[in-house]
Each structure stands twice: as structure tokens, then as C-alpha cells.
Amino acid sequence: MSIETNEVRKIAQLARLELTDDEVTSLSADMSNILAYIAQLNELDTTGVPPLEHAAEAGETMRDDTPRPSLERERGLSVAPKVENGCFAVPKIIE
Amino acid sequence: MEPYTWTLHEARAKLDAGDISAVELTASLLYRIEQVEPQVLAYNCVAPELVEAQAEAADHLIHDGKAGPLTGLGIALKDNMITQDLPTTCSARLLEGFVSPTDGTIAAKLKEAGSVVMGKTNMDEFAMGSSTENSATEATRNPWDLNRAPGGSSGGSAAAVAADLCLAALGSDTGGSIRQPASLCGVVGMKPTYGRVSRYGLVAFASSLDQIGPLTKDVEDAALLLNAVSGNDPLDSTSSKREAPDFMDGLKDGVAGMRIGVPKEYFIDGTDPAVLTAVQSAIQQMTKLGAEIVEISLPHTPYAVSTYYLIATAEASSNLARFDGVRYGNRVDNGGDLLAMYMATREAGFGPEVKRRIMLGTYALSAGYYDAYYKKAQQVRSLIAQDLTEAFEQVDVLLTPTSPTGAFKLGERTADPLKMYLSDIYTISANLAGVPAISQPCGLDGNGVPIGLQFIGRSFDEASVLKAAWAFENATDFHTARPAL
């Protein structure tokens with residue numbers, strides 16, 4: 001399994017990572033190596049094996065939909081990089 | 001002996017007897033930190049004034065007869081557990097200087113218990129690594145040999161316990177991140193059953209695998225600290241509704257008649273002969289103590305690392321999407337639009353290993369590859385968990401090495417990510433299956449650094465794991481060996 005640099009750039013776009021050219025080159029090599037190792041899973045016939053998504057006990061995780069206090073606005077905003085008018089502020093999204 | 005060398009239970013007895021105050025005990029730890037921390041670099045942050053204030057408050061509780069098991073005891077937290085009073089950085093540039101507006105459940109429980117939080121410990125960035133070298137600050141050193149790595153990702157917590165920079169610590173374990181550094185630093189480290197301890201306030205790496213647990217100087221301390229942090233939490237829907245038992249119950253009952261499985265796949269080529277010898281001696285010791293040794297097979301073990309690196313990276317790529325420079329963390333705004341801000345923030349804020357894992361996970365989840373990678377890995381995860389379920393029909397616990405080698409030199413494995421991943425070969429299955437496991441010291445290797453012994457148990461049967469570990473510890477003196485610092 002070989003991951004070419006153009007594919008690395010495509011995945012980086014999906015992952016919202018800018019990546020320098022050097023990073024693209026080394027990730028291409030690293031990901032190819034790791035995926036070549038991981039290909040060993042294909043030795044196993046998993047036809048009909050149910051996927052295990054987590055190891056939590058199956059149980060009741062639903063709760064009543066009752067209002068309860070949550071983090072106050074000021075405290076939530078206190079750690080934000082940029083705030084305007086009591087909201088998180090971000091650069092322009094569309095022209 | 002200096003107070004900073006005490007275990008939790010020794011310190012508890014001295015505090016309760018009035019032989020020492022929490023302020024004096026804490027002063028001893030702060031003195032030790034002043035002397036040794038500059039060499040070990042276990043902490044990202046220690047705030048002496050806060051430490052002293054907590055100790056004074058603890059002395060009031062003790063004076064008023066309101067002391068609990070952890071009141072006045074100095075405990076360190078891995079820097080991925082959020083705290084209102086101290087920064088939480090996950091050893092990441094992106095979170096440098098971040099102070100959470102709330103406490104997580106662990107911090108809240110320790111506060112309620114009146115314990116003294118000594119500081120936040122160094123780690124691999126976002127808990128991704130096995131050496132603590134992936135920290136955005138500096139790598140923590142192994143107290144046994146300052147040229148070697150402490151393991152990871154909870155390397156700061158393990159080194160802090162080994163170097164007596166706290167009485168005990170908490171870490172998190174996604175694929176071995178408590179047990180492997182415990183093994184490499186010669187301390188006790190336990191990953192409880194998935195769901196036993198609330199993850200609310202633990203910065204998520206791989207949510208189906210992450211679990212918080214204790215790093216301590218002996219097995220009794222592991223039981224004590226586990227008692228303090230276990231139990232259901234309405235703020236974590238994956239925390240189990242089972243009532244947590246008192247882990248001190250039956251701890252010292254011995255292992256006569258206990259059935260201990262030794263899986264042949266855990267004694268393979270590539271494991272240091274010194275590790276194999278030490279673990280073979282441990283098997284003999286357990287036999288002498290009256291346990292019955294049963295050879296078993298966990299045939300899917302060779303696939304555990306591959307399975308883990310698909311599932312953990314897939315979950316990480318999704319969990320780390322939240323670090324986008326909007327609500328918290330350090331934004332890099334290059335004057336472009338929102339997308340450009342996201343990309344610049346993440347490019348500058350994440351280190352190479354975190355990027356590598358986000359990329360691998362994004363790839364495994366992307367259109368056209370989901371079934372071939374992610375779903376396939378979940379199916380193999382089923383097979384690995386099934387191996388363990390079948391084993392636990394025959395035996396009460398499993399005995400294995402924790403890590404194939406002792407502590408490796410700093411820089412020795414950083415060039416080859418895959419080689420680093422293979423450090424976790426013996427610890428990963430317990431995370432994939434969600435079962436409890438402990439590592440404890442069982443000898444020294446040819447380089448004079450510790451070797452770890454692992455016991456793995458059934459889901460929610462931490463009691464048997466602790467009982468086996470306590471019996472081994474009680475019959476040996478490996479846990480009393482200390483690094484010369």
C-alpha cells in the first residue's frame with residue numbers, strides 16, 4: 001500500500017491540516033509503511049464477524065430531558081481566542 | 001525515611017496518628033521537587049502556593065476529624081485532565097496556557113477528598129506516544145537513567161512517582177499509556193475496566209479506549225486511589241452504573257487456588273531475554289504462592305497493534321476536530337477566511353505524531369476505505385475480545401510481560417513510528433476488550449532499568465487483578481527498589 005503525495009494532500013484538506021512540502025513527503029512514506037504493516041489484517045477472514053464499536057456495557061444511557069445548569073456564557077467565552085458581542089468571533093466565511 | 005518517599009497508606013497512617021501535618025508532608029514533597037525535578041522534568045506545572053493552600057485546608061479537615069482516605073496526600077495529575085486552578089495543555093502547543101473554566105470529575109473528586117494536587121505532569125502530546133518525547137515542551141527523563149525515556153504517554157506521572165515528586169499520580173491509558181510507563185519507571189500502574197472511572201474532563205484521544213487510572217508506589221496504593229476515583233458519573237454516559245466495590249476488600253487474601261493463564265503469544269521473539277527471565281520467575285513465584293498456572297492461547301494477539309492503530313487514529317481524527325481555534329486554544333489568524341484560519345491553527349498547533357495520527361485516521365474513515373480499514377479493524381477487535389472472553393472461562397487472570405523491553409534511550413525510536421507503536425504490543429488488547437490490567441515491577445534488565453509484570457482480568461474484576469499483584473508484591477521486594485537520584 002503506497003500513499004502518494006497527491007493523496008496525502010487530499011487527506012490533509014479533509015483533516016484541515018495545511019502541511020508543508022516536507023511534511024507531505026514524510027507523511028507519504030510514514031503512512032505507506034504503517035498501512036503496509038496494517039495490511040496483515042487481510043490475512044483474517046472476518047466474514048460474518050460483528051464489529052465491536054466499544055467495550056462499554058450495553059445499558060440504559062438515556063436520561064430525562066430536564067433542564068439543568070450548564071457553563072455560564074462568560075466562563076465559556078473566557079477561554080476563546082476572539083470574542084465579539086458575547087459570541088465567538090471568527091474570520092469571514094463568505095464574501 | 002524522608003516523608004516524600006512514603007506510600008499513600010504510610011502517609012495516611014502518619015497523618016492520622018498526628019506524627020506529621022499535611023503542611024509538613026507537602027513541604028517535604030516540594031523540597032524534593034526543587035532538588036530533583038530539574039533533572040527529571042516530570043511536571044508541566046507546579047504551583048507551590050496552591051499546593052501549600054491545599055495542605056493547610058487538609059490540616060483543618062484532619063483537625064476537625066473530617067479526613068478521608070486521601071486527605072492531605074500529594075497527588076499529581078496528567079496534563080490531560082482539566083483543572084480550574086492550573087493550566088491544562090496536553091503538552092500541546094495548541095493548548096499552551098489554556099486554563100479550563102471548570103474542573104473535570106477527577107479534579108472535583110480529589111478536591112472533595114481534600115487531597116493536595118501537586119501539579120500537572122508531562123505527557124506525549126494529546127496522549128499520542130510511548131515515550132513522552134512527543135511533548136511540545138521537553139521530554140521527561142527516566143529517573144532510573146536520565147538518558148532513557150520514561151515511556152508514555154503518562155511518562156510524567158510515572159517518573160514523578162518513581163522519583164518521589166508526588167506520593168501517587170493519575171494517568172490515562174488508551175493502549176498502554178499508564179502500564180508501559182509504569183513498567184519502564186518501576187512503579188505500579190493500573191488501567192481499570194472501561195467505564196469504571198469517569199472520563200468527564202479527560203481530553204479525549206480515542207473515546208472507546210481511553211480510561212483513567214492510578215500510578216502508585218505499591219499495589220495497596222493503587223487500590224486506595226482507585227477507590228477514590230471510581231463510580232458512575234452522570235456527566236459521562238459511558239461510565240458504568242455498577243456500584244464500585246471497596247478495592248481494599250480481599251486485597252490481601254492471597255492467590256491459593258487462583259487460576260492464572262499464561263498466553264503463549266506474549267512470549268515472542270523481539271522480547272528482551274531479561275524480560276522473559278524475570279516474567280518466568282514471576283510465574284514460579286505465583287506457583288509457590290499456591291496459584292495454578294494454565295498455558296493458554298490468545299490467537300489474535302499478533303493483530304492487536306494493527307487493529308489499535310486503525311481504531312485509535314480514526315477516533316482521534318474525529319475527537320481532535322474540535323481544536324479549530326474557535327472556542328479555545330491558540331488561534332493562528334493569517335488574515336484569510338475561516339478555512340484558512342482552521343488550517344493555519346492546526347498546522348501550527350499540532351506536533352508531527354499528532355498530525356500523523358489525524359492523517360491516518362482521516363484516511364481510514366474516508367470514502368472508499370471505511371469498510372477496508374475501520375470496519376475491518378472493528379471486526380478484528382471482536383475477535384481479540386472474544387479470545388479474552390474464552391480465556392476467562394478457564395482462568396481468573398492472565399500473567400504477561402507489560403513491555404517487550406525495559407526503558408529505551410531517548411531518541412532511539414523516534415525516527416520509526418512503527419517501531420514505537422510496537423512498544424505497546426502487550427498492553428493494547430486490554431484496551432480493545434475494555435478489561436482491567438495492572439503493571440508492577442518484577443526485576444531489572446541488563447541496563448539496570450525496571451522490568452514490568454502485567455496481570456489482566458475480567459471486566460469489572462479489578463479485585464482479582466489487585467489480589468494477584470498484591471500477593472506477588474508481598475512475596476518479593478522489587479517494588480522497594482528506588483532509582484539513585
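Structure's up top.
Residues numbered from 1 in each chain as written. Chains lettered and ligands numbered in written order. Predicted model: local features only at pLDDT ≥ 70, side-chain atom pairs only at ≥ 80, totals over all residues. Heavy atoms only, no water.

### Thoughts on empty space enclosed by the protein
All names here are of chain B.
Okay, step 1: Evaluated as defined, the whole model comprises 4 cavities of 30 Å³ or more.
Okay, step 2: Its volume calculated, the largest cavity comes out at about 80 Å³.
Okay, step 3: Together, Trp144, Val161, Ala162, Cys185, Gly186, Val187, Thr216, Lys217, His479, Ala481, Arg482 and Pro483 line the largest cavity.
Okay, step 4: By volume, the second largest cavity amounts to about 40 Å³.
Okay, step 5: Ala127, Gly129, Ser130, Gly175, Gly176, Ser177, Phe205, Tyr308, Tyr309, Arg357 and Asp424 together form the lining of the second largest cavity.
Okay, step 6: Among the residues forming the lining of the second largest cavity, the class breakdown is 4 nonpolar, 5 polar and 2 charged. (1 Å grid on protein atoms, 1.4 Å probe; cavity = no way out; pocket = protein on both sides within 12 Å on 5 of 7 lines; lining within 4 Å. Points joined across faces, edges and corners; volume = space filled by probe spheres on them. Nonpolar A, V, L, I, M, F, W, Y, C, P; charged D, E, K, R; others polar.)

### Concerning the environment of Gln211 of chain B
Residue and element names in this part refer to chain B.
Okay, step 1: Summarising the element assignment, Gln211 is placed in strand 6 (residues 211-216).
Okay, step 2: Overall, the relative accessible area of 1% leaves Gln211 in the buried class.
Okay, step 3: Residues Gln211 and Ala471, spaced 260 residues apart in sequence, show a C-alpha to C-alpha distance of 25 Å.
Okay, step 4: With near-sequence residues (within four places) excluded, Gln211 lies in contact with Gly171, Ser172, Asp173, Ile178, Lys191, Pro192, Thr193, Tyr194, Gly195, Arg196, Val197 and Arg199. (Helix = DSSP H or I, 4+ residues; strand = E, 2+ residues; numbered from the N terminus. Buried < 20%, exposed > 50% of the residue type's maximum accessible area, 1.4 Å probe, protein only. Contact = heavy atoms within 4.5 Å.)

### Regarding the side chain of Gln180 of chain B
Residues and elements named next belong to chain B.
Okay, step 1: Mapped onto the elements of the fold, Gln180 is located in helix 6 (residues 179-185).
Okay, step 2: Owing to a relative accessible area of 0%, Gln180 belongs among the buried residues under this scheme.
Okay, step 3: Setting aside its immediate chain neighbours within four residues, Gln180 contacts Ser130, Gly151, Gly152, Thr402, Ser403, Phe408, Ser423 and Asp424.

### So, the sheet that holds strand 9 (residues 397-401) of chain B
Residue and element names in this part refer to chain B.
Okay, step 1: Spatial strand order, 1-3-2-4-6-5-10-11-9-7-8: 11 strands in an open sheet with mixed pairing. Looking along the sheet, the strands with just one partner apiece sit at the ends: strand 1 (43-46) and strand 8 (292-296). Between one strand axis and the next, the sheet turns by 30° as a mean value, whatever way the strands run.
Okay, step 2: Sheet topology places strand 5 (residues 188-191) next to strand 6; 2 bridges connect them, and they run antiparallel. (Pairing = 2+ DSSP bridges. Axes fitted to C-alpha atoms, helices over the stretch in contact; angles between N-to-C directions.)

### Here we look at the interface of chain A and chain B
Okay, step 1: Each partner contributes residues to the interface: chain A has 54 residues there, and chain B has 68 residues.
Okay, step 2: At the boundary of chain A and chain B, one finds 2 salt bridges.
Okay, step 3: With its nearest N and O atoms 2.8 Å apart, the salt bridge here joins Asp30 of chain A to Arg356 of chain B.
Okay, step 4: Here chain A is connected to chain B by 19 residue pairs in polar contact (both at pLDDT 80 or more).
Okay, step 5: Mapped by element, the contributors of at least two residues to the side of chain A that touches chain B are helix 1 (5-14), helix 2 (21-38) and helix 3 (73-77) of chain A.
Okay, step 6: With 9 residues, helix 2 of chain A is the single largest residue contributor to the side of chain A that touches chain B.
Okay, step 7: Residue composition of the side of chain A that touches chain B, grouped by class: 32 nonpolar, 9 polar and 13 charged. (Salt bridge = Lys/Arg side-chain N within 4 Å of Asp/Glu carboxyl O. Polar contact = N/O pair within 3.5 Å; in protein donor to acceptor, adjacent residues only side chain to side chain.)

### Brief notes about the nonpolar core
All names here are of chain B.
Okay, step 1: Phe126, Phe455 and Leu466 are the most contacted members of the largest nonpolar core, which totals 166 residues.
Okay, step 2: Sort the elements by how many residues they give to this core and helix 12 (residues 371-394) lands first, with 10 residues.
Okay, step 3: Leu466 has contacts with Met190, Val219, Ala222, Ala223, Leu226, Phe247, Leu251 and Ile438, leaving out every residue within four places of it along the chain.
Okay, step 4: Counting 7 residues, the second largest nonpolar core, distinct from the first, contains Trp144, Ala149, Leu184 and Val449. (Core = buried A, V, L, I, M, F, W, Y, C linked by side-chain atoms within 4.5 Å.)

### As for the pairing of strand 3 (residues 116-121) of chain B
Residues and elements named next belong to chain B.
Okay, step 1: With respect to burial, strand 3 is a largely interior element, 6 of its 6 residues being buried.
Okay, step 2: Summarising the sheet, strand 1 and strand 3 pair through 3 bridges and their orientation is antiparallel. Note on strand 3: the bridge partner recorded for Tyr43 is Thr121.
Okay, step 3: Sheet topology places strand 2 (residues 74-78) next to strand 3; 5 bridges connect them, and they run parallel. Paired with Leu77 across the bridge in strand 3 is Lys120.
Okay, step 4: Taking the sense of rotation as the criterion, the β-α-β connection linking strand 2, helix 4 (residues 105-112) and strand 3 turns out right-handed. (Right-handed = clockwise from strand over helix to strand, strands pointing away.)

### A few points about the side chain of Asp218 of chain B
All names here are of chain B.
Okay, step 1: Checked against the element boundaries, Asp218 lands in the loop between strand 6 and helix 7 (219-229).
Okay, step 2: Although Asp218 is buried, it makes no salt bridge; Lys252 carries the closest opposite charge, 8.0 Å away.
Okay, step 3: Here the side chain of Asp218 touches Glu220 through a polar contact of 3.4 Å, landing on its backbone nitrogen.
Okay, step 4: Those residues within four positions of Asp218 in sequence are excluded, and the remaining contacts are Thr7, His9, Val188, Glu473 and His479. (Lys, Arg positive; Asp, Glu negative; His and termini not counted.)

### A word on the packing of aromatic side chains
Any pair of aromatic rings gets described here by the distance separating the centres and the angle formed by the planes.
Residue and element names in this part refer to chain B.
Okay, step 1: Considering all chains together, one arrives at 12 aromatic pairs over all chains under this definition.
Okay, step 2: For the pair Phe472 and Phe478, a centre-to-centre distance of 6.0 Å together with 15° between the ring planes defines the contact as stacked.
Okay, step 3: Given a relative accessible area of 33%, Phe478 falls into the partly exposed group.
Okay, step 4: Here a set of aromatic residues connected by ring pairs shows up, and it is made of Phe98, Phe126, Phe323, Tyr328 and Phe350. (Phe/Tyr/Trp six-rings, centres within 6.5 Å; stacked < 30°, edge-to-face > 60°.)

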